[in-house]
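# Structural overview
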Amino acid sequence: MGNRAWLQCFISLVLVCGLGALPLFADFDSDRKSDVAVWRPSEGKWYIIPSSTGQSYDVHWGGPVDTPVIGDFDGDGKTDVAVWRSFGRQVVYPFRATPVNRIACCGEVQATFR
């Protein structure tokens, strides 16, 4: 996806998601190119447009009290969406199609997936 197409995707996502949406850039499809993503905390929804397809999709994960976090939490080469919560202790919750796994973090983030 060229710079112009990438910018158009980003602008489209921001317009769809509205004010308060947070733009994020990462490689969600493991093609070594930045993909466009927007996280909308008011509805806990991630809007993602992978550079490999240009087809948008959304993921419901998180809410207004969460902080969006991105990283390759399972080591598959793709960026994963996650949220960070701090209610007495700091915990990162990555999105998974399977039951939710917790990643407790104190200093260095250590992940365990079942």
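So, how was this worked out
What you see as residue numbers is a count from 1 along each chain, following the sequence as written. Restriction of local features to residues with pLDDT of at least 70 applies here, the model being predicted, together with a cutoff of 80 or more for giving and counting side-chain atom pairs; totals for whole chains, interfaces and linings are based on all residues. Only hydrogens and water are set aside when side-chain values are computed; all heavy atoms of the structure are taken into account. Per the convention used, a helix needs a DSSP run of H or I reaching at least four residues, while a strand needs a run of E reaching at least two, with both numbered from the N terminus. Each residue's exposure class comes from its accessible area (1.4 Å probe, protein chains only) as a fraction of the maximum for that residue type: buried when under 20%, exposed when over 50%, partly exposed otherwise. Every residue pair with non-hydrogen atoms within 4.5 Å of one another is taken to be in contact. The term polar contact refers here to a pair of N or O atoms within 3.5 Å; inside protein, the definition further demands a hydrogen-donor-capable atom paired with an acceptor-capable atom, and it admits residues adjacent in sequence only when both atoms are side-chain atoms.

## Description of the side chain of Asp66
On the secondary structure map, Asp66 appears in the loop between strand S4 (57-60) and strand S5 (67-71). The class for Asp66 is buried, based on a relative accessible area of 6%. Those residues within four positions of Asp66 in sequence are excluded, and the remaining contacts are Trp39, Val83, Trp84 and Arg85.

## Re the environment of Ile70
Along the polypeptide, Ile70 turns up in strand S5. Overall, Ile70 belongs to the partly exposed group, its relative accessible area being 31%. Placed 24 residues apart in sequence, Ile70 and Pro94 show a C-alpha to C-alpha distance of 8.5 Å. Excluding residues that lie within four positions of it along the chain, Ile70 makes contacts with Leu24, Phe25, Ala26, Phe28, Trp46, Thr79 and Asp80.

## Regarding the side chain of Asp80
The topology assignment puts Asp80 in strand S6 (residues 80-86). For Asp80, a relative accessible area of 7% puts it in the buried group. Looking at Asp80, its side chain comes within polar contact range of the main-chain nitrogen of Asp74, at 3.4 Å.

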